[in-house]
Amino acid sequence: MLSWLKRSLTKNTADAPQSLSPGDEPFVYSRDDHNISRSNISENALKVLYRLKKSGYESYLVGGGVRDLLLGREPKDFDVSTDATPEEVRKLFRNCRLIGRRFRLAHVHYGREIIEVATFRASHKADDDAGKMENGLILRDNVYGTLEDDAWRRDFTVNALYYDISDFTVVDYTGGMDDLDEGRLRVIGEPQARYREDPVRMLRAVRFAAKMGFRLEQESEAAIFELGYLLEDVVAARLFDEVLKMFQGGYGVETFELLRHYRLFGYLFPETDAGMQHEENGFPLVFVAKALENTDARVEQGKPITPAFLLAAFLWEPVRKEAELFRRKGMSDLEAMQLAGDAVVARQVRTVAFPKRFSLQSREMWTMQERLRRRGGKSPLRLVEHPRFRAAYDLLLLRAQCGEEVQELADWWTRFQEVDQEERLSMCAAIRTPRGGGGGRRKPRRRPPRKKPATD
Ligand code: ATP
Ligand code: MG
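Keep in mind that what you see is a predicted model, and the values were worked out from it rather than measured.

Student: Let's hear about the overall build of the protein: which residues, and what values?
Tutor: Secondary structure assignment for the protein yields 22 helices and 12 strands. A total of 456 residues make up the protein; the buried ones form 50% of that total. Long-range pairs, those at least 24 residues apart, make up 68% of the contacts in the protein with a sequence separation of at least 6. When the accessible area of the protein is evaluated, it comes to approximately 23,500 Å², of which 48% is carbon and sulfur surface.

Student: With reference to specific residues and values, describe the pairing of strand S4 (residues 96-99).
Tutor: Burial of S4 is one-sided: the residues Cys96 and Leu98 facing one way are buried, the residues Arg97 and Ile99 facing the other way are not. Sheet topology note: the S4/strand S5 (residues 105-110) ladder contains four bridges and is antiparallel. Among the inter-strand pairings, Ile99 is bridged to a residue of S5, identified as Leu105.

Student: Hey, could you go over the confidence of the model for the protein for me, with residue numbers and the actual values?
Tutor: This prediction gives the protein a mean pLDDT of 89; 86% of its residues lie at or above 70. Every residue in residues 1-17 is under pLDDT 50, and counting partners more than four places away or in other chains gives 30 contacts. Every residue in residues 435-445 scores below 50 in pLDDT, and together they form 14 contacts with partners more than four places removed in sequence or on other chains.

Student: So, the packing of aromatic side chains: which residues are in play, and what are the values?
Tutor: Enumeration over the complete set of coordinates arrives at 19 aromatic pairs. Ring geometry for Phe265 versus Phe314: centroids 5.8 Å apart, planes at 70°, classification edge-to-face. In this pair, Phe265 is assigned in helix H12 (residues 265-268) and Phe314 in helix H15 (residues 307-314), connecting sequence segments 49 residues apart. Pairwise contacts between aromatic rings join Phe240, Phe247, Phe256, Phe265, Phe269, Phe314, Phe354 and Phe358 into one cluster. The ring centre of Phe103 lies 3.8 Å from the NZ or CZ of Arg121, which sits over that ring.

Student: Residues and numbers for the site of ligand 1, please.
Tutor: Among the 18 residues in the neighbourhood of ligand 1, the closest are listed as Arg67, Lys76, Asp198, Arg201 and Arg207. Note that an oxygen atom of ligand 1 is positioned 3.1 Å from one of the backbone N or O atoms of Asn159. With the chains in place, 85% of the 580 Å² that ligand 1 exposes on its own is no longer accessible. Counting residues per element, the shell around ligand 1 draws most heavily on helix H8 (residues 200-212), at five residues. Partitioning the shell around ligand 1 into residue classes produces one nonpolar, three polar and 14 charged.

Student: Describe the side chain of Asp172, with residues and values.
Tutor: Tracing the chain through its elements places Asp172 in strand S10 (residues 170-172). Salt bridges are absent for the buried Asp172, whose nearest opposite-charge side chain, Arg186, sits at 9.5 Å. One polar contact links the side chain of Asp172 to the main-chain amide nitrogen of Gly176, over a distance of 2.9 Å. A polar contact of 3.0 Å, which involves the side chain of Asp172, links it to the backbone nitrogen of Met177. When residues no more than four places from it in sequence are discounted, the contact partners of Asp172 are Leu20, Pro26, Phe27, Tyr29, Leu161 and Met177.

Student: Could you give me a rundown of the sheet that holds S5, with the residues and numbers involved?
Tutor: Ordered by their spatial adjacency, eight strands build an open sheet running S1-S10-S9-S2-S3-S6-S5-S4, and the pairing between neighbours is mixed. The outermost strands of the open sheet, each flanked by one partner alone, are strand S1 (27-29) and S4. Direction aside, the axes of adjacent strands within the sheet are offset by 30° on average. Contacts between helix H2 (residues 43-54) and the sheet are confined to strand S2 (59-62), strand S3 (79-82), S5 and strand S6 (113-119), with S6 contributing the most and set at about 35° to the helix.

Student: How would you sum up unusual backbone geometry? Please name residues and give values.
Tutor: Phi angles above zero are rare outside glycine, and Phe168 is one such case at about 60°. Here Phe168 lies in the loop between strand S9 (161-164) and S10. Positive phi, normally seen in glycine, also occurs at Arg263, with a value near 55°.

Student: Let's hear about the nonpolar core: which residues, and what values?
Tutor: If you look at the biggest cluster of nonpolar residues, it comprises 111 residues, and the most contacted ones within it are Leu185, Phe247 and Leu395. In terms of residues, this core owes the most to one element, H8, which gives eight residues. When residues of this core are sorted by domain, at least three fall in each of domain 1 (3-182) and domain 2 (267-429). What Phe247 contacts, discounting residues up to four positions off in sequence, is Gly252, Phe256, Leu259, Phe265, Phe269, Leu292, Thr295, Leu310 and Phe314. Counting 20 residues, the second-largest nonpolar core is a separate cluster that includes Phe389, Ala392, Val419 and Cys428.

Each value, and the rule that gives it
Residues numbered from 1 in each chain as written. Chains lettered and ligands numbered in written order. Predicted model: local features only at pLDDT ≥ 70, side-chain atom pairs only at ≥ 80, totals over all residues. Heavy atoms only, no water. Helix = DSSP H or I, 4+ residues; strand = E, 2+ residues; numbered from the N terminus. Buried < 20%, exposed > 50% of the residue type's maximum accessible area, 1.4 Å probe, protein only. Contact = heavy atoms within 4.5 Å. Areas by Shrake-Rupley, 256 points an atom, 1.4 Å probe, with all protein chains shown as cover. Pairing = 2+ DSSP bridges. pLDDT = per-residue confidence, 0-100. Phe/Tyr/Trp six-rings, centres within 6.5 Å; stacked < 30°, edge-to-face > 60°. Lys NZ or Arg CZ within 6 Å of the ring centre and 35° of its normal. Near = heavy atom within 4 Å. Polar contact = N/O pair within 3.5 Å; in protein donor to acceptor, adjacent residues only side chain to side chain. Nonpolar A, V, L, I, M, F, W, Y, C, P; charged D, E, K, R; others polar. Lys, Arg positive; Asp, Glu negative; His and termini not counted. Salt bridge = Lys/Arg side-chain N within 4 Å of Asp/Glu carboxyl O. Axes fitted to C-alpha atoms, helices over the stretch in contact; angles between N-to-C directions. Core = buried A, V, L, I, M, F, W, Y, C linked by side-chain atoms within 4.5 Å. Domains from an automatic or database assignment.

This is the structure we're talking about:
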């Protein structure tokens, strides 16, 4: 694997120290010693890199873009790192906006593509607590620095490689090339401290390990088992962003398995996780894994995906259970499902803030599970046109696949979608409906007869 890399490393690092520390000279891989070619870098990223350079600034490609290019993968996006301040970057590009509260970044817009340009930053020194809270969490992170500072404040060594546009070399301060070659994900610096500064790095570790098939270096791994609970301090909106990256990037199944392995999943979806602890015959676990398999397959095929489906699938088991409780209290099936959905979502969004536009869609998918059972009259003709029908039907298929007793219903709806209008009408007519047209509805529960008090 990566034979070019092995070659370059043996050539360049014969006398290199085992591990690098701040202050050490970086490894510099010349153009012939790595496989990054400008033809694989987006034209817009190249434009940004070159304009910065021509204006007298340093400019590098950095982060996931460099990592993915070195691995022979197609980067998701391109990030640029420079010694120009955000204001200086703005003066160079008409199509530039400055963003960010925690730290300021320049976004250069080209149609739908955005090139993110960040000024070199330094991390807070150990003896400078100005930007940190008591528990080590970073509050401010906007201290400018040198290229070297910028490398050491990044999260993983493989994410801290810089492609220099002025001479096409790759600059490596932290030993990232070696780790990349070994398939190893290593936290830069002391893992405990780096996870305390920003607990989301634990989720990023899992995501990158899943995506690249890398294994976590020992200390980087051990610290996760100890510090998972720090995720409780992370803002719910940020966790939502991370959840999307973890489960909608095409490696959802692997990510889910690793999150469970590192005991992090429960900090994101507590009720789903609790259901898996007390599961009977593996149902909730299989259900979530299958939902993610579907999503991964759709990503692979370039089909659209929505966070609403993810939420609907992850919370299906807690919602189903809660709806059952409401039903026992005498509510109708539909009402029970609505209220259960609302209650479970209200608790879930405290941890991971799914925006309302998605949770409302998930709620529709759940209540449609009830509506799909009512096949009498003409309601199926309307239902099949409903904007959420397809997603609700997918959820139904998933339930059938995982052993809920809805296979016959799922087959009916599969066929219903395949046939013409006339056939649809006769399918509906063939359904025996109890009075009131509520096909498939449960019989009302009879109260058990009261026990007569014993007379003797
Ligand atoms: P991808 O875009 O493929 O998800 P990426 O590595 O580019 O992966 P981004 O979130 O785009 O990830 O971040 C870009 C770079 O910024 C990272 O490669 C890393 O160097 C740095 N970075 C991002 N988040 C953090 C963090 N929480 N702590 C330290 N460095 C970070
Ligand atoms: Mg990126």
